[in-house]
Amino acid sequence: MNIQVLLSDKVNQALIAAGAPADCEAQVRQSAKAQFGNYQVNGVMSAAKKLGMPPRQLAEKVLQLLELGDIASKVEIAGPGFINIFLNSVWLAGQIDLVLNAPELGVTAVEPQTIVIDYSAPNVAKEMHVGHLRSTIIGDAAARTLEFLGHNVIRANHVGDWGTQFGMLIAYLEKMQNENASDMGLSDLEQFYRQAKKYYDEDSEFAARARAYVVKLQGGDPYCQKMWRKLVDITMAQNQLTYNRLNVTLTEGDVMGESLYNAMLPGIVADLKAKGLAVESEGAIVVFLDEYQNKDGEPMGVIIQKKDGGYLYTTTDLACAKYRYETLGANRVLYYTDSRQHQHLMQVWAIVRKAGYVPESVSLEHHLFGMMLGKDGKPFKTRAGGTVKLSDLLDEAIERAGKLIAGKNPHMPAKEITQLARVVGIGAMKYSDLSKSRTTDYIFDWNNMLAFEGNTAPYMQYAYTRIVSVFKRAGIDESSLTLPLVMSEEHEIALATRLLQFEEALTAVAREGTPHIMCSYLYELAGLFSSFYEHCQILNGDSEAVRQSRLKLALLTSRTLKTGLDTLGIETVERM
Ligand code: ARG
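Residue positions within a chain follow its written sequence, with the count starting from 1. Given that this is a predicted model, residues contribute local features only at a pLDDT of at least 70 and side-chain atom pairs are listed and counted only at 80 or more, while totals for whole chains, interfaces and linings are drawn from all residues. Values reported for side chains reflect all heavy atoms of the structure, with hydrogen atoms and water molecules removed beforehand.

> Any chance you could explain the overall build of the protein chain here in plain terms?
Each helix is a run of DSSP H or I of at least 4 residues and each strand a run of E of at least 2, with the numbering of both proceeding from the N terminus. Helices and strands together make up the secondary structure of the protein chain, namely 20 helices and 13 strands. Dimensions of the protein chain, computed from the C-alpha atoms along their principal axes, are close to 85 × 70 × 40 Å. Three labels apply to residues, based on accessible area from a 1.4 Å probe with only protein chains included: buried if under 20% of the type maximum, exposed if over 50%, partly exposed otherwise in between. Looking at the protein chain as a whole, 51% of its 576 residues qualify as buried. Only the protein chains shown count as covering a residue, and every accessible area follows the Shrake-Rupley method with a 1.4 Å probe. Entry remark: accessible area of the protein chain is about 25900 Å², with carbon and sulfur atoms responsible for 51%.

> Is there a simple way to think about the nonpolar core in this case?
Soluble, globular proteins show a tendency: their nonpolar side chains are buried together. To form a nonpolar core, buried Ala, Val, Leu, Ile, Met, Phe, Trp, Tyr and Cys residues must be joined to one another through side-chain atoms within 4.5 Å. Grouped together as the largest cluster of nonpolar side chains are 152 residues, with contacts concentrated most on Ile-117, Leu-393 and Met-429. Considering every element that reaches this core, the biggest residue donor is helix H14 (residues 414-434), with 10 residues. Not counting residues up to four positions away in its chain, the partners in contact with Ile-117 are Gly-139, Ala-142, Ala-143, Leu-146, Val-153, Ile-154, Arg-155, Ala-156, Leu-334 and Tyr-336. Tyr-261, Ile-268, Ile-351 and Val-362 belong to the second largest nonpolar core, which has 35 residues in total. Residue contacts are defined here by distance: any two heavy atoms, one from each residue, within 4.5 Å place the two residues in contact.

> Hey, could you run me through the environment of Phe-502 in this one?
Structurally, the position occupied by Phe-502 is in helix H18 (residues 502-512). Judged by relative accessible area, which is 3%, Phe-502 ranks as buried. Each C-alpha atom of the pair Phe-502 and Asn-2 lies 8.1 Å from the other, and the pair is 500 residues apart in sequence. For Phe-502, the contacting residues outside a window of four places in its chain are Leu-105, Val-107, Phe-148, Met-518, Tyr-521, Thr-560, Thr-563 and Gly-564.

> I would appreciate a short explanation of the packing of aromatic side chains in the present structure.
Each aromatic ring pair is described using two quantities: the centre-to-centre distance and the angle formed by the ring planes. Here the aromatic set is Phe, Tyr and Trp, taking the six-membered ring for Trp, and pairing holds for ring centres within 6.5 Å; pairs whose planes are under 30 degrees apart are stacked, those over 60 apart are edge-to-face, and all others are tilted. Within this structure, the stated rule accounts for 14 aromatic pairs. Pairing Phe-380 with Phe-444 gives two aromatic rings, centres 4.6 Å apart and planes at 55°, and the pair type is tilted. Taken together, the residues Phe-380 in the loop between strand E12 (372-373) and helix H13 (390-408) and Phe-444 in the loop between strand E13 (442-443) and helix H15 (446-449) connect sequence positions 64 residues apart. Here Phe-380 and Phe-444 have matching classes, each one buried. Considering the side-chain rings of Tyr-459 and Tyr-523, the 5.6 Å spacing of their centres and the 75° angle between planes classify their relative orientation as edge-to-face. In this pair, Tyr-459 sits in helix H16 (residues 457-474) while Tyr-523 sits in helix H19 (residues 516-535), placing the two residues 64 residues apart along the sequence. Taking the relative accessible area as the measure of exposure, Tyr-459 reaches 15% and is therefore buried. Three or more aromatic residues link up through ring pairs in this structure, and these residues are Tyr-172, Phe-192, Tyr-199 and Phe-206. Only when the NZ atom of a Lys or the CZ atom of an Arg is both within 6 Å of the ring centre and within 35 degrees of the ring normal do we say a charge sits over the ring. Positioned above the aromatic ring of Phe-86, the side-chain terminus of Lys-74 is 4.3 Å from the ring centre. In this structure, Lys-408 packs its charged tip against the face of Phe-452, placed 4.5 Å from the ring centre.

> When you look at the sheet that holds strand E5 (residues 114-118) in this model, what are you seeing that I'm missing?
Here, a strand pair is defined by DSSP locating no fewer than two bridges between the strands. Strand order in this open sheet of 4 strands is E6-E5-E10-E11, and the pairing throughout is parallel. The open sheet has two free edges, formed respectively by strand E6 (152-156) and strand E11 (363-366), since each of these has just one partner strand. Strand-to-strand, the axes of this sheet are offset by a mean angle of 15°, without reference to chain direction. Relative to E11, strand E10 (residues 332-335) runs parallel, the two sharing 4 bridges. Residue Leu-334 lies in a different strand from E11, and its bridge partner there is Glu-365. The strands touched by helix H5 (residues 133-148) within the sheet are E5, E6 and E10, with E6 carrying the most contacts at an inclination of about 160°. Running at roughly 140° to E10, helix H11 (residues 313-326) makes contact with E5, E6 and E10 of the sheet. Every axis corresponds to a line fitted to the C-alpha atoms, with the helix fit spanning only the stretch in contact, and the corresponding angles, defined between N-to-C directions, vary from 0 to 180 degrees.

Laid out in structure tokens, this is it:
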């Protein structure tokens, strides 16, 4: 059920019938103020301009031709030529009944696209840190949303699993194994990496071995390959634990690391040279892009192969974009990386378009985001100034939530507190990130995110349990709600209208890749439910019809909250 699409179709038909050219758009939007109705048509003015007609005159004509049947109770022209549409509460009630009986909250089936989502992308032999949090959870919300709508989503975890550092890491793993230290050090990847680096810097024999291993690894030497595999597997097994704790849907099967594209790299460089796009410059192979100029106004060079023959992050991303189109059959590719990689991606995409590797019809989108800042407004760090390990952050979230819940519920069994602490703690951390417009930096603040008031996970999770408890307390079974919905109170109608706008929120998130739109929607919904709950007696309505109707509104609210939170990757509980 998508009211906006429904109205757009009808108004567009009327516009065309009124003589507007076929490329005119009704531009139906949710109205910002109640006095402008529920929806407003913004497209009449520009259509009138094209027709050379006074806008209000066109609006009159559209109004005469507009066939909204029982959808609207009132339609009026406002200002220079807006049309305001007021929905009919009887129609709304019927729609709620339809949605309640439909699967998936009555969300319209889409024409499925293959959508690749590049997110998380940690690095091998390194611990995941806060820098990976935003990509991981925002990307996952996008994946869940697009999948819910019916798209074929391919999760691509572009793990940093290649590079010259692997010689050093293999040499160190070997050393540890020889000294019978088994793989112990790998449970602390930071320590492992630091030690490897230390040997590399201080022990020339070790360094020479490390350099030889890089060459061997690149040449496909089975021993080096095996050691490399081990490093990747151990890292990703650890990361998988973090994904599971985070309730993130990534699995080990979604790893499509940088190494996957190795075999394609020489061919890409040769092809770009043959196409005249890449040239040799000071020993390196470079693509000059007119659209990117240096400070002297000369086209900027993007290196795709170094003087020593080595390939770069850029070369890999060229191959990767090509692969996602050619091999995975992507219609759309969304990249969730922070804003510092924007220019890099723009350059890569400019090259893949020029080379014809990815046609314009396939959209390549950088869904960038800002940084997580500490309370001091500086990049989020440990007290000692180090990078914050993601697993430590999760521990802290759960611990804080546990204390909070125990404080509020002195009699709750310890087992339940532990379970709730995870759902609330992790949920709070994720939600605080998801609820902010992703393009800006944001301040990471435990107290704000764990508050039970405001646009937070605990508030949303609590709102959900409150509705569930209405049903539990009264011992009501959903299947007993058989009478058709009736509404007369303004609070009922406001809630019903918002409930029917769930799909509009979903499609906006799907289009823009911005989960905060869903957060705002759910938050408003919870607020409307609160007012409804305060003003309308749910269980003691004037009649059985009213009682059932209100229960139905409550039921759909709980389903919508649960499903909406689920598209964000936020868990709910039945009691808290
Ligand atoms: N591993 C990279 C990092 O940690 C992010 C990879 C993003 N994806 C891509 N296709 N370049 O910064």
